[in-house]
Amino acid sequence: MARAEAIRRDWLAKTLAGSLLGLTLGLGCSAVFSVLATGLPLAVRAQLAMWMVAPIWLGTLSGCFFFADGWRAWRGLGLANLVVFGAWALLRSFVS
């Protein structure tokens, strides 16, 4: 019989990466949506942008445990944040 592996010790790093970087990723996606959806009325756009943060954040927090280790979770989610906030800055400069 094969012996079961012990619980990995990097769950705290993955949880922190998913919590912190997942929140900023959700906020960044919300900002990109808000810039792209300028044709919608402000009340509708604000509500959609606000309510899209939680599913993205929780999805990221759930998915962060699929990374092989904590370092890869931080690196991958950090890169995703850079891409999203870079796209937001680029869109803000072109769409006004």
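Residues numbered from 1 in each chain as written. Predicted model: local features only at pLDDT ≥ 70, side-chain atom pairs only at ≥ 80, totals over all residues. Heavy atoms only, no water.

## Observations regarding the packing of helix α2 (residues 42-51) against helix α3 (residues 53-63)
Their axes nearest at 4 Å, the elements α2 and α3 cross at an angle of 15°. On the basis of the axis angle, α2 is roughly parallel to α3. Mapping the contact onto sequence places A49, M50 and W51 in α2 and V53, A54 and P55 in α3. Residue composition of the contact of α2 with α3, by class: six nonpolar, no polar and no charged. (Axes fitted to C-alpha atoms, helices over the stretch in contact; angles between N-to-C directions. Helix = DSSP H or I, 4+ residues; strand = E, 2+ residues; numbered from the N terminus. Parallel < 35°, antiparallel > 145°, perpendicular 65-115°, else oblique. Contact = heavy atoms within 4.5 Å. Nonpolar A, V, L, I, M, F, W, Y, C, P; charged D, E, K, R; others polar.)

## Quick word on the nonpolar core
Ranked by size, the top nonpolar core spans five residues in total: A17, L21, C64, A73 and L77. Counting only elements with at least two residues in this core, the list comes to α1 (11-36) and α4 (70-94). Setting aside residues no more than four positions away along its own chain, A17 makes contact with G22, A73, W74 and L77. (Core = buried A, V, L, I, M, F, W, Y, C linked by side-chain atoms within 4.5 Å. Buried < 20%, exposed > 50% of the residue type's maximum accessible area, 1.4 Å probe, protein only.)

## As for α4
An ideal rise of 1.5 Å per residue puts 36 Å on 25 residues; α4 measures up with 36 Å between its terminal C-alpha atoms. Taken together, the buried positions of α4 are G70, A73, L77, N81 and V84. (Expected span 1.5 Å × (residues − 1).)

## Observations concerning the UniProt feature "transmembrane region" (unreviewed entry) in the protein
The sites that carry the UniProt feature "transmembrane region" (unreviewed entry) are, in the present numbering, residues 20-42, 48-68 and 77-95. Between the C-alpha atoms that bound residues 20-42 the distance is 28 Å, and the span itself is 78% helix and 0% strand. Helix makes up 71% of residues 48-68 and strand 0%. Its end C-alpha atoms lie 33 Å apart. (UniProt positions renumbered as here; feature names shortened; annotations may be inferred.)

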